[in-house]
Number of protein chains: 2
Amino acid sequence: MSKMDSPRKSRRSFLAAGAGVAASVLAKPALAGAGNPANQPPNVPEWSKSLGEGVAVRPYGKPSKFEKEVIRRDVEWLTASRESSVSFTPLHELEGIITPNGLCFERHHGGIAEIDPADHRLMIHGLVERPLILTLDELKRYPRVNRIHFMECAANSGMEWRGAQLNGCQFTHGMIHCVQYTGVSLRTLLEEAGVKTNGKWLLVEGADAAAMDRSLPIEKALDDCIIAYKMNGEALYPEQGYPMRLVVPGWQGNLWVKWLRRIKVGDQPWHTREETSKYTDLLPNGKARRFTWSMDAKSVITSPSPQAPIKHGKGFTIVSGLAWSGNGKVKRVDVSLDGGRNWWPARLDGPVLDKALTRFYYEFDWNGEPLLLQSRVQDETGYVQPSKAELRKIRGVNSIYHNNGIQTWHVQANGEVENVEVA
Amino acid sequence: MSKMDSPRKSRRSFLAAGAGVAASVLAKPALAGAGNPANQPPNVPEWSKSLGEGVAVRPYGKPSKFEKEVIRRDVEWLTASRESSVSFTPLHELEGIITPNGLCFERHHGGIAEIDPADHRLMIHGLVERPLILTLDELKRYPRVNRIHFMECAANSGMEWRGAQLNGCQFTHGMIHCVQYTGVSLRTLLEEAGVKTNGKWLLVEGADAAAMDRSLPIEKALDDCIIAYKMNGEALYPEQGYPMRLVVPGWQGNLWVKWLRRIKVGDQPWHTREETSKYTDLLPNGKARRFTWSMDAKSVITSPSPQAPIKHGKGFTIVSGLAWSGNGKVKRVDVSLDGGRNWWPARLDGPVLDKALTRFYYEFDWNGEPLLLQSRVQDETGYVQPSKAELRKIRGVNSIYHNNGIQTWHVQANGEVENVEVA
């Protein structure tokens, strides 16, 4: 294709041309469909002839048995133990922007604290006028806010700094999820406690065996943070911090302390393990970036991808992906089929919300030749997602965190997809 | 209280006054907390001292064991069998606007068809140029749309026509849920099939043992209907129509055919069982309204409610509720504490989307005296939710469907709540 001709198929040609989706249907009488098993007339299977399971037999539903491969997965060699490890969201199987609670990725430092809410307390103390100790029921008495936000681990895509490593967007980009949180604005509680004028930092600490703790600047705490007790309407799942977690919109997941039990107000950061030996970014000159909280704009094509190859051969093809920015809303996404030489605008579909996942699509006629698929997001601040080469020029290859470089998928002629790097 | 004084507590007074949430904390040294078990300092429970369960031990997560009462429930006496029955969403336990897939209410006519997607086909035929038979994989090749919509059974609140019957919003209003759907615009498929000029109605039919079928006018089909295969990102749950269902935004749930297998285009409606002996509204004059598809604006207070009494006594109290309209967006919600004599504006929180649930809150200082709680929604068309008396004046009491009258909860001095009627 030439540089100037868009490979994108217009809606009109998609619907009118025989080269589209339903070529096989259009080419012969569809209702006869002989010889093409996919085009047989509807049969009358057993489920159309007998009563199925009744209502409330499953008081809490679950997916079909035919979806048993749609699960969180871990990578055994990645960590020494499963208690201090990560599992990944199956992004390649999902659509829209809401992640179901059962598929939200996990990251634990001491395993899942299985907390009895009746025995859980949240303490707010330090440089405050009125220290507070709150039960979950007491927390629920404060005014509530509801926000849809993505949550991304700073180490998402971290294995890719030195080149293509993991073969599947579940593993390269699956340390992210997006749900609707309900809880109390942290600002409300801090105003209730009365932060003293010298209170500039918060220590936020979990009740898990790792007692995960981080320092949070007061400006962010007073801006948009939430102490959440619901996700997608229901109580947090245990692995997401039941009965309460911190929500720090747009900032790295490590700050979103789960099983939150303590907030101490101080006048300087605590320099905890998780903000010194971890969650800092080693640069080529030997110095390290610190307190790199915000997650810059990023995107990934979720299908086609290594775990979701093209099975239908050439013809009308849908590229589906996710874009997000820790600094606001997604403004636009572009897609390249040739490793970044030409870019075509993608279509954003569904809600485009502040610091939330945004779904994009790019539809085109695939000619069956190999592709180098990429996506590139621009957020409302004007920031454009960089290439991995641009990122490495500044950050080197010693980092683990904050790899938001453009991802490349190599689609082969047979439709299989692999994780590659382009110069 | 006088007619003119708002009982609503300002943010300022909420935070400053001792009468608010944290009265007990403010009244004594919080960190000592002796004598008040709820205000003990954080203890060091077992979950803070030992490793918890690791990642991906549950590849698909589930709620905490302490949330085992947050489930769909049915009413045994309501129907003759569980296969043709209904279970209800536990609205009183939920927040925000997204319903988790596992808690979405069920309504089956022949039980849950447990379908192997490899053996499922969707046929589009009748007055079309090019009949289509599509597999799920073929359906996924058409351009995708993502929409968040409520889905309400026309019989929701149907037991309440003749007076207060069921004690709990799960049962009075729980035949509703709201998720993000992903699928194909029905318009896209109808354009692909080429509807003939005399094609004015669609018969939509399920693959369940009841072969549930309804007539749908072509105007709605070409407007905003979706053939959905995902809800909240993942595949539809079996009880919600896996592998595909019809989404008919704003219209009664009975039209949202699950396990969708057939769409036939015709020139007039089919007058099926579900639109003649059922889903018609018998009026006082003996005539019945038919094809009353759209769900008019409605609201309900989910907490406090009979299953969610006030346990904290008088003081700062949060009223939480849901509002929706089949005709567009929610414009405003008002709350009454005295059975509709005085109304105060509620606060809408979170996304306000077209034909979607909208969360509202009303916060006030409860003086401990009995309340008659009501909510009243106005949608963007200007339509105002009627009282039950206004509704009965026009529709009588022989209807089962489309009861969108204002709900009253009687809050007693002890905080218990019951379903009542006011004149």
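Residues numbered from 1 in each chain as written. Chains lettered and ligands numbered in written order. Predicted model: local features only at pLDDT ≥ 70, side-chain atom pairs only at ≥ 80, totals over all residues. Heavy atoms only, no water.

Student: Looking at this structure, I do not really get the overall build of chain A. What am I missing?
Tutor: Along chain A, the regular secondary structure elements total seven helices and 23 strands. A compact globule built from 423 residues would reach a C-alpha radius of gyration of about 22 Å, and chain A, at 24 Å, matches this within 12%. Principal-axis analysis of the C-alpha atoms places the extent of chain A at approximately 80 × 65 × 40 Å. Residue pairs in contact within chain A that sit at least 24 positions apart in sequence constitute 72% of those at least 6 positions apart. Total accessible area computed for chain A in this model is approximately 15200 Å², and 51% of it derives from carbon and sulfur atoms. Measuring between centres, the 53 positive side-chain charges of chain A sit 3 Å from its 47 negative side-chain charges. (Helix = DSSP H or I, 4+ residues; strand = E, 2+ residues; numbered from the N terminus. Rg over C-alpha atoms; globule rule 2.2 N^0.38 Å. Contact = heavy atoms within 4.5 Å. Areas by Shrake-Rupley, 256 points an atom, 1.4 Å probe, with all protein chains shown as cover. Lys, Arg positive; Asp, Glu negative; His and termini not counted. Charge placed at Lys NZ, Arg CZ, Asp CG, Glu CD.)

Student: Just checking my understanding: could you explain the relation of the copies chain B and chain A for this structure?
Tutor: Copy one and copy two of the chain differ by a rotation about an axis and a translation along that axis. If you rotate chain B by 180 degrees and push it 0.0 Å along the axis, it lands on chain A with an RMSD of 0.0 Å. Both chain copies can therefore be described as sitting about a two-fold axis. For chain B, the smallest separation between a C-alpha atom and the rotation axis is recorded for Pro100 of chain B, amounting to 3.6 Å. By residue overlap, the copies meet face to face through one surface: 100% of the interface positions of chain B are interface positions in chain A. (Least-squares fit on C-alpha atoms with pLDDT ≥ 70 in both.)

Student: I would appreciate a short explanation of the pairing of strand S9 (residues 226-231) of chain B in the present structure.
Tutor: Along any regular strand the residues' side chains alternate between the sheet's two faces. All names here are of chain B. Burial analysis of S9 places six of its six residues in the buried class, the great majority of the element. Pairing analysis gives five bridges linking strand S6 (residues 176-185) to S9, with the strands arranged antiparallel. Bridged to Gly183 within S9 is Ala228. In the sheet, S9 pairs with strand S10 (residues 234-235) via two bridges, with the strands oriented antiparallel. Bridge pairing in S10 links Lys230 to Ala235. Between S9 and the antiparallel strand that follows it, S10, lie two residues; Asn232 among them carries a positive phi value of about 50 degrees. (Buried < 20%, exposed > 50% of the residue type's maximum accessible area, 1.4 Å probe, protein only. Pairing = 2+ DSSP bridges.)

Student: Looking at this model, I keep getting lost on the sheet that holds strand S20 (residues 358-366) of chain A. Mind explaining?
Tutor: In a beta sheet, neighbouring strands are held together by backbone hydrogen bonds and run either parallel or antiparallel to one another. Residues and elements named next belong to chain A. If you trace the four strands from one edge of the open sheet to the other, you get S15-S16-S20-S19, paired in antiparallel fashion. The open sheet has two edge strands with one neighbour each: strand S15 (298-303) and strand S19 (347-349). When strand polarity is set aside, the average angle formed by the axes of neighbouring strands in this sheet is 35 degrees. In the sheet, S19 pairs with S20 via three bridges, with the strands oriented antiparallel. Bridge pairing in S20 links Leu348 to Phe360. (Axes fitted to C-alpha atoms, helices over the stretch in contact; angles between N-to-C directions.)

Student: Mind showing me how you'd approach the interface of chain B and chain A here?
Tutor: Accessible area lost on assembly of the parts is the figure often given for the size of an interface. With 117 residues of chain B in contact, the opposing surface of chain A contributes 117 residues. A buried area of about 10200 Å², summed over both sides, lies between chain B and chain A, and 59% of it is on carbon and sulfur atoms. The element best represented in the side of chain B that touches chain A is strand S5 (residues 144-152) of chain B, accounting for five residues. Taken together, the residues of the side of chain B that touches chain A sort by class into 51 nonpolar, 29 polar and 37 charged. (Buried area = accessible area lost by both parts, 1.4 Å probe. Nonpolar A, V, L, I, M, F, W, Y, C, P; charged D, E, K, R; others polar.)

Student: For this particular structure, what's the right way to read the pairing of strand S15 (residues 298-303) of chain B?
Tutor: Residue and element names in this part refer to chain B. When you tally the buried positions in S15, you get six out of six residues, the bulk of the element. With five bridges connecting them, S15 and strand S16 (residues 315-324) associate as antiparallel partners. Along S16, the bridge assignment pairs Ser299 with Ala323.

Student: Where do I start with helix H5 (residues 186-193) of chain B in this structure?
Tutor: Across the eight residues that make up H5 of chain B, a large majority, six, are buried. Of the residues trailing H5 of chain B, Gly194 of chain B is marked for its positive phi of about 75 degrees.

Student: What is the right way to look at the side chain of Ser157 of chain B in this model?
Tutor: Residues and elements named next belong to chain B. Tracing the chain through its elements places Ser157 in the loop between S5 and helix H4 (169-172). Since its relative accessible area comes to 5%, Ser157 is described here as buried. Side-chain polar atoms of Ser157 contact the side chain of Lys298, separated by 2.8 Å. (Polar contact = N/O pair within 3.5 Å; in protein donor to acceptor, adjacent residues only side chain to side chain.)

Student: Help me out: how do you make sense of the side chain of Asp224 of chain A in this one?
Tutor: All names here are of chain A. As for its position among the elements, Asp224 is in the loop between helix H6 (218-223) and strand S9 (226-231). We classify Asp224 as buried; its relative accessible area is 19%. Within the structure, Asp224 has its side chain in polar contact with the side chain of Lys220 (distance 3.0 Å). Apart from residues no more than four positions distant in its own chain, Asp224 is found in contact with Pro249 and Lys355.

Student: Which parts of the structure should I look at to understand the sheet that holds strand S22 (residues 408-411) of chain B?
Tutor: All names here are of chain B. Pairing is antiparallel across the open sheet formed by five strands, whose spatial order is S18-S17-S21-S22-S23. Where the open sheet ends on each side, the last strands, each with one partner, are strand S18 (344-345) and strand S23 (417-420). Examined bridge by bridge, strand S21 (residues 371-379) and S22 share four bridges and lie antiparallel to one another. Bridge pairing in S22 places Gln374 opposite Thr408.

Student: It is not clear to me how the state of the cysteines should be interpreted in this structure. Could you clarify?
Tutor: Residue and element names in this part refer to chain A. The tally for this structure, following the rule as stated, stands at zero disulfides over all chains. Free of any disulfide, Cys104 has its nearest neighbouring cysteine sulfur in Cys178, separated by 8.9 Å. You can see Cys153 has no disulfide; the closest cysteine sulfur is in Cys104, sitting 14 Å from it. (Disulfide = S-S within 2.5 Å.)

Student: How should I be thinking about the packing of aromatic side chains in this particular structure?
Tutor: Two aromatic rings, taken as a pair, are described by how far apart their centres are and by the angle between their planes. Taken as a whole and assessed by the stated rule, the structure comprises 18 aromatic pairs over all chains. Here the aromatic rings of Phe150 of chain A and Trp324 of chain A are separated by 6.4 Å at their centres, their planes lie at 55 degrees, and the arrangement is tilted. Of this pair, Phe150 of chain A sits in strand S5 (residues 144-152) while Trp324 of chain A sits in strand S16 (residues 315-324); the two residues are 174 residues apart in sequence, bridging distant segments of the chain. Judged by relative accessible area, which is 0%, Trp324 of chain A ranks as buried. With 5.6 Å between their ring centres and 75 degrees between their planes, Phe88 of chain B and Phe171 of chain B make a pair best called edge-to-face. A residue pair is termed long-range when its members are at least 10 positions apart, and Phe88 of chain B in the loop between strand S1 (86-87) and strand S2 (106-107) and Phe171 of chain B in helix H4 qualify at 83 residues. Neither Phe88 of chain B nor Phe171 of chain B differs from the other in exposure class; each is buried. Positioned over the ring face of Trp343 of chain A is Arg376 of chain A, at 4.2 Å from the centre of the ring. (Phe/Tyr/Trp six-rings, centres within 6.5 Å; stacked < 30°, edge-to-face > 60°. Lys NZ or Arg CZ within 6 Å of the ring centre and 35° of its normal.)

Student: Just checking my understanding: could you explain the UniProt feature "domain: Moybdenum cofactor oxidoreductase dimerisation" (unreviewed entry) in chain A for this structure?
Tutor: Per the UniProt annotation, the sites labelled "domain: Moybdenum cofactor oxidoreductase dimerisation" (unreviewed entry) are residues 290-407 of chain A. For residues 290-407 of chain A, helix accounts for 7% and strand for 39%, while the C-alpha atoms at its two ends are 25 Å apart. (UniProt positions renumbered as here; feature names shortened; annotations may be inferred.)

Student: Looking at this structure, I do not really get the pattern of salt bridges. What am I missing?
Tutor: In this structure the tally under the stated criterion is 49 salt bridges over all chains. A salt bridge links Glu274 of chain A to Arg273 of chain A; its shortest N-O distance comes to 2.8 Å. The shortest N-O distance in the salt bridge between Arg359 of chain B and Glu95 of chain B comes to 3.6 Å. Pair noted here: Arg359 of chain B is in strand S20 (residues 358-366) and Glu95 of chain B is in the loop between S1 and S2, with a separation of 264 residues, a long-range link. (Salt bridge = Lys/Arg side-chain N within 4 Å of Asp/Glu carboxyl O.)

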